[in-house]
Amino acid sequence: MGILNDGYRKPEDIKKFTLEELYQLSDEIRSFLVESVSKTGGHLAPNLGVVELTVSLFNVFDVEKDKIIYDVGHQSYVHKILTGRKDEFSTLRQYKGLSGFPKRDESRYDVFDTGHSSTSISAALGIARARDLKGEDFDVVAVIGDGALTGGMALEAMNDVGDKKTDLIIVLNDNQMSISRNVGGISTYLSQLRGDPTYEKAKKEVQDLFGRMPLGKSINKSVDRVKEGIKSMVLPDMLFENMGLTYLGPVDGHNIKEVSKILKIAKEMKGPKVVHVITKKGKGYKNSEQRPDKFHGTPPFNKSDGMPKKTGTLTYSRVFGNTLTEMAKNNKDIVAVVAAMPDGTGLTSFKEIYGKRLFDVGIAEQHAMTLAAGLAVGGLKPYIALYSTFLQRAYDQLIHDVCIQELDVTVCIDRAGVVGDDGETHQGLFDLSFLTPVPNLTIMAPKSLEELRYMLYYSENFKGPLAIRYPRGTDENDYEPEPLREFTPGRFEVMMEGGDGYLYATGKMVARAVKLSHLLKEKGYSFGVVNGCFIKPVDHDLIKNHLDKGLKIITLEDNMLHGGFGSMILESAMGHFMAGNIMRFGFEDRFVEQGAPELLYEAYGLGYAEITEKIIRFTGEKL
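None of these values were measured; they are calculated from a predicted model. (Residues numbered from 1 in each chain as written. Predicted model: local features only at pLDDT ≥ 70, side-chain atom pairs only at ≥ 80, totals over all residues. Heavy atoms only, no water.)

A. A look at the overall build of the protein chain. Across its full length, the protein chain carries 25 helices and 17 strands. Relative to its 623 residues, the protein chain shows a buried fraction of 58%. Taking contacts inside the protein chain between residues at least 6 apart in sequence as the whole, the part at least 24 apart equals 76%. For the protein chain, the computed accessible surface area is about 26300 Å², with 52% contributed by carbon and sulfur atoms. (Helix = DSSP H or I, 4+ residues; strand = E, 2+ residues; numbered from the N terminus. Buried < 20%, exposed > 50% of the residue type's maximum accessible area, 1.4 Å probe, protein only. Contact = heavy atoms within 4.5 Å. Areas by Shrake-Rupley, 256 points an atom, 1.4 Å probe, with all protein chains shown as cover.)

B. Quick peek at empty space enclosed by the protein. Applying the stated criterion to the full structure yields six cavities of 30 Å³ or more. The calculated volume of the largest cavity comes to roughly 70 Å³. Around the largest cavity sit Ala-416, Gly-417, Ala-445, Pro-446, Arg-469, Tyr-470, Pro-471, Thr-506, Gly-507, Lys-508 and Asp-558, which together line it. Among the residues making up the lining of the largest cavity, the classes are represented as five nonpolar, three polar and three charged. (1 Å grid on protein atoms, 1.4 Å probe; cavity = no way out; pocket = protein on both sides within 12 Å on 5 of 7 lines; lining within 4 Å. Points joined across faces, edges and corners; volume = space filled by probe spheres on them. Nonpolar A, V, L, I, M, F, W, Y, C, P; charged D, E, K, R; others polar.)

C. Fine view of the pairing of strand β13 (residues 501-505). With five of five residues buried, β13 is to be regarded as a mostly interior element. Burial along β13 is two-sided: the face carrying Gly-501, Leu-503 and Ala-505 and the face carrying Tyr-502 and Tyr-504 are both buried. As judged from the five bridges shared by β13 and strand β14 (residues 527-531), these two strands associate in the parallel manner. In the strand pairing of β14, Tyr-502 is matched with Gly-528. Note on the crossover from β13 through helix α21 (residues 509-522) to β14: the handedness is right-handed. Relative to strand β16 (residues 552-560), β13 runs parallel, the two sharing five bridges. Paired with Tyr-504 across the bridge in β16 is Thr-555. (Pairing = 2+ DSSP bridges. Right-handed = clockwise from strand over helix to strand, strands pointing away.)

D. Spatial organisation of the packing of aromatic side chains. For the structure shown, the criterion picks out 20 aromatic pairs. On the numbers, 6.5 Å between centres and 15° between planes, the contact of Tyr-316 with Tyr-470 is stacked. Here Tyr-316, found in helix α14 (residues 316-330), pairs with Tyr-470, found in the loop between β11 (466-469) and β12 (493-496); they are 154 residues apart in sequence, far enough to count as distant. Each member of the pair, Tyr-316 as well as Tyr-470, is classed as buried. Ring centres of Phe-430 and Phe-591 lie 6.0 Å apart, and the angle between their planes is 65°; on these two criteria the pair is classed as edge-to-face. Residue Phe-430 is located in the loop between β9 (410-414) and α19 (431-435), and its partner Phe-591 is located in the loop between β17 (582-587) and α24 (597-603); the two are separated by 161 residues in the primary sequence. Phe-430 gets classed as partly exposed once you look at its relative accessible area, which sits at 25%. Residue classification places Phe-591 among the exposed residues on the basis of a relative accessible area of 59%. Cluster of aromatic residues (ring-pair linked, three or more members): Tyr-458, Phe-462, Phe-487 and Phe-534. Arg-357 extends its terminal NZ or CZ atom over the ring of Tyr-354, reaching a point 4.7 Å from the ring centre. The residue whose ring lies beneath Lys-552 is Phe-618, and the NZ or CZ to ring-centre distance is 4.7 Å. (Phe/Tyr/Trp six-rings, centres within 6.5 Å; stacked < 30°, edge-to-face > 60°. Lys NZ or Arg CZ within 6 Å of the ring centre and 35° of its normal.)

E. Local environment of α21. If you check α21, its first and last C-alpha atoms are 20 Å apart, about what 14 residues at 1.5 Å a residue would give, namely 20 Å. Those residues of α21 hidden inside the fold are in contact with β12, β13, β14, β16, α24 and α25 (608-619). Downstream of α21 by one or two residues, Gly-524 has phi in the positive range, about 95°. (Expected span 1.5 Å × (residues − 1).)

F. Fine view of the pattern of salt bridges. For the coordinates displayed, the defined rule picks out 39 salt bridges. Linking Arg-512 and Glu-598 is a salt bridge whose minimum nitrogen-to-oxygen distance equals 2.8 Å. Taken as a pair, Arg-512 in helix α21 and Glu-598 in helix α24 lie far apart in primary sequence, 86 residues in all. Through salt bridges with shared partners, a single ionic network connects Lys-80, Arg-85, Glu-106 and Asp-110. (Salt bridge = Lys/Arg side-chain N within 4 Å of Asp/Glu carboxyl O.)

Structural data, given as structure tokens:
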């Protein structure tokens, strides 16, 4: 029973509720979120922090007509609940289920697909300008967190909107967090505004004062300059105003009356506005309030104590972080660069022990890459840790600032391959395709957790740009191969010999190749396994040797087929006019949705049975 289950049916119902009923609705939403996400996993803390803010947005704006864009979108669960998708939450982030991010093909209330940070203002600005050119009438609202505001794209968009004075509302959801605690000058600036309750009063008094000043036409521009100079001295900070945006706030984001009031003011004003709202990430659930970083994105957990239902295992991220911390003890030139994710990339211990040697730049991957380049020029040994999906944002800097100069920068690519439940925007399936064409760049991938350790040891004395890609999570339970301890660029590891051919696999797919080899053996086929520890350069001699013998080569990769590991093998073979005996397995030319990795492998043609059948057809029936 309650308002959420019995009194609320559609978005316009919110406008009929009393203030007391709106708070009751908020409490019920918060309880539902904890109950539901504890079973499915998901982004809990960000959504607990925006319950009253989202209710206020629905209270003020007409979501049937007005456009609300959520930056990143991981805080859109409340929006989804209020737009008729509550009953689908049992399928959250599952295969063919409810997305954890806004999806235009999921609901007409989802205005713009998001997933990466700092895009909302640009998208909202485009929608607003299209509205104006077409003579339409509706409000456009971008909801962006203070963490996302550290991204350069958000500042670029604010600069544009302020210059052109487009009618737009930017709701700044300030919780002092992105995933981990925010860093940098923007964060410090917002803290100053947040901590100064006299700001709005002082601003109003100064504006009233100058509003009463008589302005003669001949001295209008001069007095304007004087006014702005005095305001800059009197008011604590003028960043938003100086960019051409009207600043409103700060206001308590959990006070529905006050948030609704300031949103109504913003709605009536013309031009670009920033509404600064202070929220508490994880609000209303003790465990997430105490550890909002742990409940930013959480697996299923026990509601009573907040502990995950499955105990933690050793992950690739943790092996990376532990190994780099170990290496840094004996090599004082080793430094780490991250973009707002020291915990997610496994560098928590490194940060605690060598805090001055870890540079967390906020959500600013472009800056992070060029910072690493500068550190290398300065004589240090930088390791930049980024998720594969976020490395896309630093591509120009990798080429222009690192690879052209052949700098000693090691790019550690976490979450490479299928990541599962976050869907299209987060699958790490493109890095090989956009990295392999880059000159001077060497690319490696470990076949196991232990092999990652030795690759990192190898990287310490490697000269030039190096990328090491590794998957999310851990190894399969029954997979414990002997790791390679020494590496030579362009030399693969033959793990098992074969009479009919070889399964050339890289990274996570090596374990899959081993299992496929056993399945093929059961059907009378002899396929060896090759560990493609170097994606670039490939082992040209081994490829030619196997093809010269008339053997089949089957490639396996956790990447798009175009431009990936298989393409590198195929190009090598074509140089000797021997491409006919090669078959490639990877992801075809389409985006990969959310779902458990094994389900996705099955759905996208990489299941064991389908691959086995295709290899047998390719090889030919045994007599």
